[in-house]
Amino acid sequence: MKSILEGRPALAHEINQVAEVAGYLWQKGWAERNGGNITINVTEFVDDEIRQLPALTEPKSIGATLPHLKGCYFYCKGTGKRMRDLARWPMANGSIIRICDDCASYVIIADQTVVPTSEVAAHLSVHNWLISQGGAKKATVHTHPIDLVAMTHNKRFLEKDAMTHLLWSMIPETKAFCPRGVGIVPYKMPSSVDLAEATLAELDDYDVVMWEKHGVFAVGDDVMDAFDQIDVLSKAAQIYLNARTMGFEPEGMTDEQMHEMTVAFGLPK
Ligand code: 2HA
Ligand code: ZN
């Protein structure tokens, strides 16, 4: 069977990056079983031939009308699929979908009829919002980092910006590479509309959102960018955790040190 990636190096590069990140998620222990999701807006890599490709499935309702997705194409991890499998075979563990003209349904067009993640509606709502903002962000990543999820089990870290400031203060790079910090969504049922809406609200102010007692949701220019932000936050959480394990509360960078860094890197306050 011919893959849609054949003869399309730019699209293949994008999907290979997804596979690479899926491998990292597994290696880091953030993606047990079918945990986590990745969706990528691949519309810019779609040529006329792809636009003519027949649908492999009947249209499936998204459950919402998302007007900004007209004419868009997405790579989506398949429902129940494992990140560790996607790392090796991205097109057997995910598929490319086309949004139908009603902006309320989609069809699978390649490579196989791998049904998208159960959270596709939430991810597509985020992409709809990202496009409406006119930005360049094409990737969403949801995963279960052990350290960051553990922190959400403590009410102290769920207070507005408490986790952001603590993590930023652990090592200077954190604010430099996750400059908008981390938003918090109180516990909600996985895959629920409530969870999707609460996430969207937080994305106004943050690129990374923590779901209490569940996981992380990040948006980025591409999948590496979304991954990097989660990775630097997890590194900061590891430093905090290591200090606590050694028996002390880490001092954290001082306000002056944070300010100096913020100015030097031209970061938002
Ligand atoms: O799709 O992690 O929260 C697997 C998940 C859902
Ligand atoms: Zn999850």
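All values reported here derive from a predicted model rather than from experimental measurement. (Residues numbered from 1 in each chain as written. Chains lettered and ligands numbered in written order. Predicted model: local features only at pLDDT ≥ 70, side-chain atom pairs only at ≥ 80, totals over all residues. Heavy atoms only, no water.)

Draft legend 1. Main features of the overall build of the chain. When its secondary structure is counted, the chain shows eleven helices and nine strands. Compactness check: the chain gives a C-alpha radius of gyration of 19 Å against a globular reference of 18 Å for 269 residues, within 12% of the reference. For the chain, the C-alpha atoms occupy an extent of roughly 60 × 35 × 35 Å along the three principal directions. The burial tally for the chain puts 54% of its 269 residues in the buried class. Across the chain, every contact between residues at least 6 apart in sequence was considered, and the portion connecting residues at least 24 apart equals 71%. Accessible surface, the chain as shown: approximately 12,500 Å² in total, 53% of it carbon and sulfur. With 25 positive and 35 negative side-chain charges, the chain shows a separation of 5 Å between the mean positions of the two kinds. (Helix = DSSP H or I, 4+ residues; strand = E, 2+ residues; numbered from the N terminus. Rg over C-alpha atoms; globule rule 2.2 N^0.38 Å. Buried < 20%, exposed > 50% of the residue type's maximum accessible area, 1.4 Å probe, protein only. Contact = heavy atoms within 4.5 Å. Areas by Shrake-Rupley, 256 points an atom, 1.4 Å probe, with all protein chains shown as cover. Lys, Arg positive; Asp, Glu negative; His and termini not counted. Charge placed at Lys NZ, Arg CZ, Asp CG, Glu CD.)

Draft legend 2. Broad picture of the coordination of the zinc ion (ligand 2). Note on the zinc ion (ligand 2): its protein donors are His142 (NE2), His144 (NE2) and His214 (NE2). The metal-donor distances range over 2.1 Å. Ordering the donors of the zinc ion (ligand 2) by residue number gives the pattern H-x1-H-x69-H. Assigned by exposure class, histidine 142 and histidine 144 land together as buried. (Donors = N, O, S within 2.8 Å, 3.2 Å for Na, K, Ca; no water.)

Draft legend 3. Inspection of the sheet that holds strand S5 (residues 105-110) at higher detail. Taken together, the nine strands give an open sheet; going across it, the order is S2-S5-S4-S3-S1-S6-S9-S8-S7, and neighbouring strands pair in mixed fashion. Only two strands of the sheet have a single partner each, and these edge strands are strand S2 (60-61) and strand S7 (182-185). For S7 and strand S8 (residues 208-211), the ladder comprises four bridges, and the chain directions are parallel. Bridge pairing in S8 links isoleucine 184 to methionine 210. Of the strands in this sheet, strand S1 (37-41), strand S3 (73-77), strand S4 (94-99), S5, strand S6 (139-143) and strand S9 (215-220) touch helix H4 (residues 120-132), which is tilted by about 35 degrees from S1. With respect to the sheet, helix H10 (residues 223-245) is in contact with S1, S6, S7, S8 and S9, its orientation differing from that of S9 by roughly 135 degrees. (Pairing = 2+ DSSP bridges. Axes fitted to C-alpha atoms, helices over the stretch in contact; angles between N-to-C directions.)

Draft legend 4. Quick look at the site of ligand 1. For ligand 1, the full set of nearby residues is Asn34, Gly35, Gly36, Asn37, Glu119, His142, His144 and His214. A distance of 3.2 Å separates an oxygen atom of ligand 1 from a polar atom in the side chain of histidine 142. A distance of 3.0 Å separates an oxygen atom of ligand 1 from a polar atom in the side chain of histidine 144. Classifying every residue of the shell around ligand 1 gives no nonpolar, seven polar and one charged. (Near = heavy atom within 4 Å. Polar contact = N/O pair within 3.5 Å; in protein donor to acceptor, adjacent residues only side chain to side chain. Nonpolar A, V, L, I, M, F, W, Y, C, P; charged D, E, K, R; others polar.)

Draft legend 5. Seen up close, the pattern of salt bridges. Taken as a whole, this structure holds twelve salt bridges when the rule is applied. A salt bridge links arginine 8 to aspartate 47; the shortest N-O distance between them is 2.7 Å. On the criterion of sequence distance, the pair formed by arginine 8 in the segment before helix H1 (9-27) and aspartate 47 in the loop between S1 and helix H2 (48-52) is long-range, its members being 39 residues apart. Under the relative-accessibility criterion, arginine 8 is labelled buried at 12%. Residue classification places aspartate 47 among the partly exposed residues on the basis of a relative accessible area of 29%. The closest approach of N and O atoms between aspartate 85 and arginine 88, which form a salt bridge, is 3.0 Å. Here aspartate 85 falls in the buried class, since its relative accessible area comes to 15%. For arginine 88, a relative accessible area of 52% corresponds to the exposed category. Ionic contacts of the salt-bridge type, sharing partners, join the residues Arg8, Asp47 and Glu49 into one network. (Salt bridge = Lys/Arg side-chain N within 4 Å of Asp/Glu carboxyl O.)

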